[in-house]
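Geometric and topological summary
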Amino acid sequence: MNKIWLIFKNEFIGVITRRSFLLTLFLIPFTGFLVLLVVSGIQKSTGTDGSELMENFFAPSVKGSDLPEGFIDASGLVKTVPEVYEETLVAFEDEKSAQKAITQGVISAYYLIDADYLENGEIVYVRPDFNPMGGLTQSEAIEGLMAHALLEGNADLANRVQEPIIVEEVSLSETPQRSSSNALTFFLPYIVTFLFYIVILTSASLLLNSISGEKQNRMMEILMTSITPGQMLTGKIIALGLVGLLQTVVWSGSGYLMLQFSGRQFALGDAFKLPPSILLWGALFFLLGYAVYASLMAGLGALVPNIREAGQVTTVVIIPLIIPLVFISSLIQAPDGPLSVALSLFPLTAPVSMMTRLAATSVPVWQTILAAVLIGLTAWLLVKSAARMFRAQNLLSGQSVTTRSFFQALLGK
């Protein structure tokens, strides 16, 4: 136990006293606090709602959206333009005059209502730029105009046709209710996902750098004469795990406090709120996820002759961590779907996937507990496998390591 403590103390103090680590630890929360101060200052000076301000920053309005749009009605259905659309839609006799209005900056785009609109419902949208993703953000006006025309000017009936029901959502879960139309509803779980990806990968990489560095300068050979591989690996994993946990707690805790403070001071709304339990789950899934990937990195460090040789195998090892990033849209938009549940229970993808789900919705407790148990068992098996790699033939070998040889060694072959 005394030897594990010595390894732990050396690794822990060595990392937390580095200037680069301290700068990263405190600079990121400080930057976030500055962003909130800037948002608060702009909100107070302009009178803009905080949620609207942040949403416009991450999902800005389309260029020219402040200009009205034109339309040419070849069907003859539109008799009058309702008063509510007079500032957003302008009627033109022909396409030539509409194009001239675009050139002069009078309108941003125009619609061509087909002569056989009643039969085919076809309307051509013409705009000067190519923007297929954001070009139809103003289509509500033309939809309202056509509904008004088809219902012969009955405004109340046209409004009800366009919006047949108005649903008020009430959630009984502890996850704050967020509007699906708010861009921040997607953005916040996205940030949580990337935070855990970066922290787990960075912490696990520290172990790879430490072991490969000691192996390259022959310090590992000296250590192995007085301690067992299990003792050395345990001390390093615990030390660097606490370093990563410290980083996670500082970043997550400061972020949570800033969001709580911003909800009162800056009126950022429910889109920026997270349940308090996410901090406890975050600490648990970080430690478990770190143990899994630190074990893999430690085994890789025992096999490679130097850190440059670890590149190819490292890429294969971290692929499971990347998978949740690939399917992040599904995890956020369908957090209870089969794919999301599977990714949050599979031990190699669960640490990041489960945190994404917890930030997006209320996850059943049995799923979080089952995921934690599966990750814990996987970490225990991988630590035992990694310890077996610290043998003389591996530590003294200068041969390059392939992906196949790494996984063979991991399985004890």
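Residues numbered from 1 in each chain as written. Predicted model: local features only at pLDDT ≥ 70, side-chain atom pairs only at ≥ 80, totals over all residues. Heavy atoms only, no water.

**Observations regarding the overall build of the protein**
As a reminder, the rule being used: Runs of H or I in DSSP of at least four residues are treated as helices and runs of E of at least two as strands, each being numbered from the N terminus. Throughout, exposure labels follow a simple rule: accessible area from a 1.4 Å probe, protein chains only, divided by the maximum for the residue type, with under 20% read as buried, over 50% as exposed, and the rest as partly exposed. Areas reported as accessible are Shrake-Rupley estimates using a 1.4 Å probe. Residue values count occlusion only from the protein chains shown.
Helices and strands together make up the secondary structure of the protein, namely 18 helices and four strands. Across the 413 residues in the protein, those meeting the buried criterion constitute 44%. Accessible area of the protein: about 21900 Å², with a carbon and sulfur share of 63%.

**Details of a nonpolar patch on the surface**
Worth spelling out the cut-off: Patches were defined on residues exceeding 30% relative accessible area and lacking a salt bridge, with like-charge contacts within 9 Å and nonpolar side-chain contacts (Val, Leu, Ile, Met, Phe, Trp, Tyr) within 5 Å. Criterion for a salt bridge: a side-chain nitrogen of Lys or Arg within 4 Å of a carboxyl oxygen of Asp or Glu.
Together, Leu27, Phe30, Phe33, Leu34 and Leu37 line one region of the surface with nonpolar side chains, adding up to about 460 Å² of accessible area. Within the secondary structure layout, Phe30 lies in helix 2 (residues 19-46). We classify Phe30 as partly exposed; its relative accessible area is 48%.

**Digging into the nonpolar core**
As a reminder of what qualifies: To form a nonpolar core, buried Ala, Val, Leu, Ile, Met, Phe, Trp, Tyr and Cys residues must be joined to one another through side-chain atoms within 4.5 Å.
Counting 53 residues, the largest nonpolar core has Leu207, Phe285, Phe286, Tyr293, Leu321 and Met355 as its most contacted members. Among the elements that make up this core, the one with the highest residue count is helix 11 (residues 277-303) (13 residues).

**Let's talk about helix 6 (residues 140-150)**
Along an α-helix, residues three or four apart share an orientation, since each turn contains 3.6 residues. Burial runs high along helix 6: eight of the eleven residues are buried. Directly after helix 6, the chain includes Glu152, whose backbone phi takes a positive value near 55 degrees.

**Topic: the packing of helix 14 (residues 338-345) against helix 16 (residues 365-388)**
Threshold: Simply put, an axis is a line fit to the C-alpha atoms, just over the touching stretch for a helix, and the angle between two N-to-C directions goes from 0 to 180 degrees. Working definition: roughly parallel below 35 degrees, roughly antiparallel above 145 degrees, roughly perpendicular at 65 to 115 degrees, and oblique for all remaining angles. What makes two residues a contact is simply this: any of their non-hydrogen atoms within 4.5 Å. The classification used treats Ala, Val, Leu, Ile, Met, Phe, Trp, Tyr, Cys and Pro as nonpolar, Asp, Glu, Lys and Arg as charged, and all other residues, Gly among them, as polar.
Two elements in contact, helix 14 and helix 16, have axes whose closest approach is 8 Å; the angle formed by their N-to-C orientations is 40 degrees. With respect to their mutual orientation, helix 14 and helix 16 come out oblique. Residues Val341, Ser344 and Leu345 of helix 14 pack against Gln367, Leu370, Ala371 and Leu374 of helix 16. Residue classes in the contact of helix 14 with helix 16 are distributed as five nonpolar, two polar and no charged.

**What to know about helix 15 (residues 350-360)**
Summarising burial for helix 15: ten of the eleven residues are buried, a large majority. When we look at burial in helix 15, the residues that qualify are Ala350, Pro351, Val352, Ser353, Met354, Met355, Thr356, Arg357, Leu358 and Ala359.

**Quick word on the pattern of salt bridges**
As enumerated under the stated definition, the model contains two salt bridges in all. Close ionic contact of Arg357 with Asp336 constitutes a salt bridge, the shortest N to O distance being 3.2 Å. Here the residue Arg357 occupies a position in helix 15, and Asp336 occupies one in the loop between helix 13 (328-333) and helix 14, the gap between them amounting to 21 residues.

**Here's the deal with the sheet that holds strand 3 (residues 110-113)**
Under the convention used in this document: When DSSP locates at least two bridges between a pair of strands, those strands are taken to pair.
The strand order 2-1-3-4 describes an open sheet built from four strands, whose pairing is mixed. Single-partner strands in this sheet number two, and they are strand 2 (89-91) and strand 4 (123-126). Geometrically, the sheet is characterised by an average inter-axis angle of 25 degrees between neighbouring strands, direction not taken into account. Across the face of the sheet, helix 4 (residues 95-103) comes into contact with strand 1 (69-73) and strand 3 while running at roughly 170 degrees to strand 3.

**With respect to the environment of Leu89**
With respect to the helices and strands, Leu89 occurs in strand 2. Judged by its relative accessible area of 4%, Leu89 is buried. C-alpha of Leu89 to C-alpha of Ala109: the two residues are 20 residues apart in sequence and 9.9 Å apart in space. Excluding residues that lie within four positions of it along the chain, Leu89 makes contacts with Pro68, Glu69, Phe71, Val81, Tyr111, Ala141, Ile142 and Leu145.

**Describing the pairing of strand 1**
For strand 1, a buried count of four out of five residues is recorded, marking the element as mostly surrounded by other parts of the structure. In this structure, strand 1 lies alongside strand 3, joined through four bridges in parallel fashion. Residue Ile72 lies in a different strand from strand 3, and its bridge partner there is Leu112.

**Describing the side chain of Gln367**
For Gln367, the location among the structural elements is in helix 16. Beyond its immediate sequence surroundings of up to four residues, Gln367 is in contact with Val341, Leu345, Met354 and Arg357.

**So, the packing of helix 14 against helix 15**
Packing of helix 14 against helix 15 leaves a shortest axis separation of 6 Å and a crossing angle of 130 degrees. Comparing their axes, helix 15 and helix 14 come out oblique. Between helix 14 and helix 15, the residues in contact are Ser340, Val341, Leu343, Ser344 and Leu345 and Ala350, Ser353, Met354 and Arg357, respectively. Within the contact of helix 14 with helix 15, the residues separate by chemical class into five nonpolar, three polar and one charged.

**Observations concerning the confidence of the model for the protein**
Heads up, the rule is: pLDDT measures how confident the predictor is about each residue, on a scale from 0 to 100.
Of the residues in the protein, 73% reach a pLDDT of 70 or more, and the chain-wide mean stands at 76. Confidence scores differ between elements of the protein, with helix 17 (residues 392-395) showing the lowest mean pLDDT of 50 and helix 14 the highest of 92.

**Details of the side chain of Ser75**
The condition is simple: Whenever two N or O atoms come within 3.5 Å, that pair is a polar contact, provided that in protein one can donate a hydrogen and the other can accept it, and provided that, for residues adjacent in sequence, both atoms are side-chain atoms.
Relative to the helices and strands, Ser75 is located in the loop between strand 1 and strand 2. Here Asp73 takes part through its side chain, which lies 2.5 Å from a polar atom of the side chain of Ser75. Residue contacts for Ser75: discarding those within four places in its chain leaves Ile113, Asp114, Ala115 and Tyr117.

**Topic: the environment of Met354**
Here Met354 lies in helix 15. Note on Met354: relative accessible area 0%, which makes it buried. Spatially, the C-alpha atoms of Met354 and Gln367 are 9.0 Å apart, while their sequence positions differ by 13 residues. Met354 has contacts with Phe285, Ser344, Val363, Gln367, Thr368 and Ala371, leaving out every residue within four places of it along the chain.

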